[in-house]
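# An overview of the molecular structure
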Amino acid sequence: MKVMKFGGTSVGKPERMHQVKDLVTASDEPTIVVLSALSGTTNALVSIGEALAAADRILAKERIDALHAHYLDFYPQLLETEKARKKAEAIIKEHFEFLNIILKISFNEAINRDILAQGELLSTKLFYTLLEELEIPAVFLVALDFMSIDENSEPELGKISEKLKAILAQHPGEKLFITQGYICKNHRNEVDNLKRGGSDYTASLIAAAINASVCEIWTDIDGMHNNDPRIVDKTRPIAELSFDEAAELAYFGAKILHPASIWPAQQYNVPVRLLNTMDPQAHGTLIKADVETKGVKAIAAKDGITAIKIKSSRMLLAYGFLRRVFEIFEKYKTPIDMITTSEVAVSVTIDDTSHLKAIIQELETLGSVEVDQNQTIICIVGNMVSETRGAIKSVMDSLVDFPIRMVSYGGSRHNVSLLLDTKYKKEALQSLNEGVFQWD
């Protein structure tokens, strides 16, 4: 059995949903299909929740009505028969009645999570209705029946596997299953989610839970590119990546893949293939345990970084200093991306500044603190530390005209990370593209 996940752009238009139908029925292999919400829907639902949180019910109502109008325009183009259109109309009516009822009750975070769940439920129900209209046998699976997270918001893979296998066993002989990405139940049995980009995570968790033959992630780009094609000229897709390389790229900014989605597939050695809905014949990118190719594979950039330097003469030869620094970040549940040290100073980077003021106040008890915001981490990924001569030289030569704030090298055989001011990002990426990769 394989898993196929389709993102919002892949199901965002009626004709694209028909393309997805063709793709999921092209093989005889039993398949679980994971769908995201229609493109734009999650953003709209977030904005509805924001309006309700601000007690602006008039604005929330306007946004609900605008989204409702989009779906009322969508389904007649998706479906042809009167029977199917009536079913779709009833589905849409049910979900938007729910959203309108929320306007009348007290808003809280649990209700907000219920709001955010509507997108995936709508997309999967409409897609299932299309399959019914075309008399394509399929089973509709409700992700809330098997996807769960614990009190730390971590997926409960053992429970997910047990529940999902039991559900699948109830449908012997069936080859096509449709379910939702992103949504789940939490430890209080409330509707919750795997955060933005979580549909990739859902697909990977399902693939691990059933030990799938492959987890296919279908988007609107032909695999992971060796640089950001939105801002860099002359990029190309990467044929193969190891799990470790892909995880580094995803974490440090490659938008095609959710950072958390590599771990479950890697743990259970399920290959992940990144494919293009608009060009199904393209090779895409295959992510697996081991790859033979060496050298620099790709470059990714992560914006919104804050650098913090703690300088203290007490640090010199003092054991326990780093522990005290890390305990402050742990206290405020703020992850650290990069770290460099010297005899009298330590520099770290974070991407979550929600507790920055409190963190700085506590760090100042250890020494003087300097903060630089609007920074970007550029991550150069590949098996290059011990295997490729001159790799680090080509990186540094490419960046000779840019002031580098921090360098992290040697923590992983798969990456070199550099920190610079975001205003240099575009030029730096282009320079690296020209200096590191060998173009024909």
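Refer to the structure presented above.
Since the model is a prediction, treat every value here as computed from it, not as a measurement.

## What to know about the overall build of the chain
Each helix and strand in the chain was counted, giving 13 helices and 16 strands. The globule rule puts the C-alpha radius of gyration for 440 residues at 22 Å, and the 24 Å found for the chain is close to it. For the chain, the C-alpha atoms occupy an extent of roughly 75 × 55 × 40 Å along the three principal directions. Taking all 440 residues of the chain together, 52% fall into the buried category. Taking all contacts inside the chain whose residues are at least 6 apart in sequence as the whole, residues at least 24 apart take part in 76%. On the chain, roughly 20,400 Å² of surface is accessible, and the fraction owed to carbon and sulfur atoms is 49%.

## Overview of the packing of helix α6 (residues 157-169) against helix α7 (residues 198-210)
Contact pair α6 / α7: the axes reach a minimum separation of 9 Å and the direction vectors enclose 70°. Considering their axes alone, α6 and α7 lie roughly perpendicular with respect to each other. In contact with Leu157, Ile160, Ser161, Leu164, Lys165 and Leu168 of α6, α7 contributes Leu205, Ile206, Ala208, Ala209 and Ile210. Tallied by class, the residues present in the contact of α6 with α7 amount to nine nonpolar, one polar and one charged.

## A look at the sheet that holds strand β11 (residues 295-311)
Hydrogen bonds between backbone atoms are what pair the strands of a sheet, whose relative direction is either parallel or antiparallel. Here we have six strands laid out as an open sheet, ordered β12-β13-β11-β14-β16-β15, and antiparallel in their pairing. Edge positions in the sheet fall to β12 (339-341) and β15 (406-409), since each of these pairs with one other strand and no more. Between one strand axis and the next, the sheet turns through 25° on average, direction left out of account. As paired strands, β12 and strand β13 (residues 345-350) are joined by three bridges and run antiparallel to one another.

## Digging into a nonpolar patch on the surface
A grouping of Leu322, Phe326 and Ile339 is seen on the molecular surface, where their side chains present a nonpolar patch of about 210 Å² in accessible area. Relative to the assigned elements, Ile339 resides in strand β12.

## A short note on α6
Over its 13 residues, α6 extends 18 Å from the first C-alpha to the last, a length consistent with the 18 Å expected when each residue adds 1.5 Å. For α6, the complete set of buried residues consists of Leu157, Ile160, Ser161, Leu164, Ile167 and Leu168. One face of α6 carries all of its buried residues, which in axial projection span an arc of 140°. The outward face of α6, more than 90 degrees from its buried face, is lined by the exposed residues Gly158, Glu162 and Ala169. Among the structural elements, β2 (31-35), β4 (176-180), α7 and α9 (262-267) are those in contact with the buried residues of α6.

## Let's talk about the pairing of strand β7 (residues 215-219)
In terms of residue burial, β7 counts as a mostly covered element, since five of its five residues are buried. Burial along β7 is two-sided: Cys215, Ile217 and Thr219 facing one way and Glu216 and Trp218 facing the other are all buried.

## Notes on the environment of Leu122
Take Leu122: it is sitting in helix α5 (residues 109-133). For the pair Leu122 and Lys333, spaced 211 residues apart in the sequence, the C-alpha separation amounts to 34 Å. Once you skip the residues sitting within four places of it in the chain, Leu122 turns out to touch Tyr71, Ile91, Ile92, His95 and Phe96.

## Remarks on helix α1 (residues 14-24)
When α1 is considered as a whole, its buried residues turn out to be Pro14, Met17, Val20, Lys21, Leu23 and Val24. Within α1, the buried residues cover an arc of 170° as seen down the axis, which keeps them to one side. On its buried side, α1 packs onto β1 (2-6), β2, α3 (57-78), α5, β4 and β7.

## Considering the packing of helix α2 (residues 41-53) against α3
In contact at an axis separation of 7 Å, α2 and α3 are set at 160° when each is read in the N-to-C sense. In terms of their interaxial angle, α2 and α3 are classed as roughly antiparallel. In this structure, α2 crosses over α3, and the sense of that crossing is left-handed. Touching Thr41, Ala44, Leu45, Ser47, Ile48, Ala51 and Leu52 of α2 are Arg57, Leu59, Ala60, Arg63, Ile64, Leu67 and Tyr71, all from α3.

## Observations regarding the sheet that holds strand β8 (residues 240-242)
Read from one edge to the other, the open sheet built from eight strands follows the order β3-β4-β2-β1-β7-β9-β10-β8, with strand pairing classed as mixed. What marks the edges here is a single partner per strand, and that holds for β3 (139-140) and β8. By the bridge criterion, five bridges tie β1 to β2 in an arrangement that is parallel. Following the sheet pairing, Met4 is matched in β2 by Val33. In this fold helix α8 (residues 243-251) packs onto β8, β9 (272-276) and β10 (285-288), with an angle of close to 90° to the strand it touches most, β8.

## Some points on the packing of aromatic side chains
All chains considered together, the criterion is met by four aromatic pairs. Seen in terms of ring centroids, Tyr71 and Phe96 are 5.9 Å apart; in terms of plane orientation they differ by 55°. Their pairing is tilted. Of this pair, Tyr71 sits in helix α3 while Phe96 sits in helix α4 (residues 82-102), and the two are 25 residues apart along the sequence. Each member of the pair, Tyr71 together with Phe96, is buried. Measuring from ring centre to ring centre gives 6.2 Å for Phe402 and Tyr424, while their planes differ by 65°; the resulting arrangement is edge-to-face. With Phe402 in the loop between α12 (391-398) and β15 and Tyr424 in the loop between β16 (415-421) and α13 (425-436), this residue pair connects regions lying 22 residues apart in the sequence. Using a relative accessible area of 13% as the deciding quantity, one classes Phe402 as buried.

## Thoughts on the state of the cysteines
Considering all chains together, one arrives at zero disulfides under this definition. The cysteine Cys184 is free of any disulfide, with Cys215 supplying the nearest cysteine sulfur at 17 Å.

Each value, and the rule that gives it
Residues numbered from 1 in each chain as written. Predicted model: local features only at pLDDT ≥ 70, side-chain atom pairs only at ≥ 80, totals over all residues. Heavy atoms only, no water. Helix = DSSP H or I, 4+ residues; strand = E, 2+ residues; numbered from the N terminus. Rg over C-alpha atoms; globule rule 2.2 N^0.38 Å. Buried < 20%, exposed > 50% of the residue type's maximum accessible area, 1.4 Å probe, protein only. Contact = heavy atoms within 4.5 Å. Areas by Shrake-Rupley, 256 points an atom, 1.4 Å probe, with all protein chains shown as cover. Axes fitted to C-alpha atoms, helices over the stretch in contact; angles between N-to-C directions. Parallel < 35°, antiparallel > 145°, perpendicular 65-115°, else oblique. Nonpolar A, V, L, I, M, F, W, Y, C, P; charged D, E, K, R; others polar. Pairing = 2+ DSSP bridges. Patch = residues over 30% accessible without salt bridge, like charges linked within 9 Å, V, L, I, M, F, W, Y side chains within 5 Å. Salt bridge = Lys/Arg side-chain N within 4 Å of Asp/Glu carboxyl O. Expected span 1.5 Å × (residues − 1). Arc of directions from axis to C-beta. Left-handed = near helix turned anticlockwise from the far one by under 90°. Phe/Tyr/Trp six-rings, centres within 6.5 Å; stacked < 30°, edge-to-face > 60°. Disulfide = S-S within 2.5 Å.

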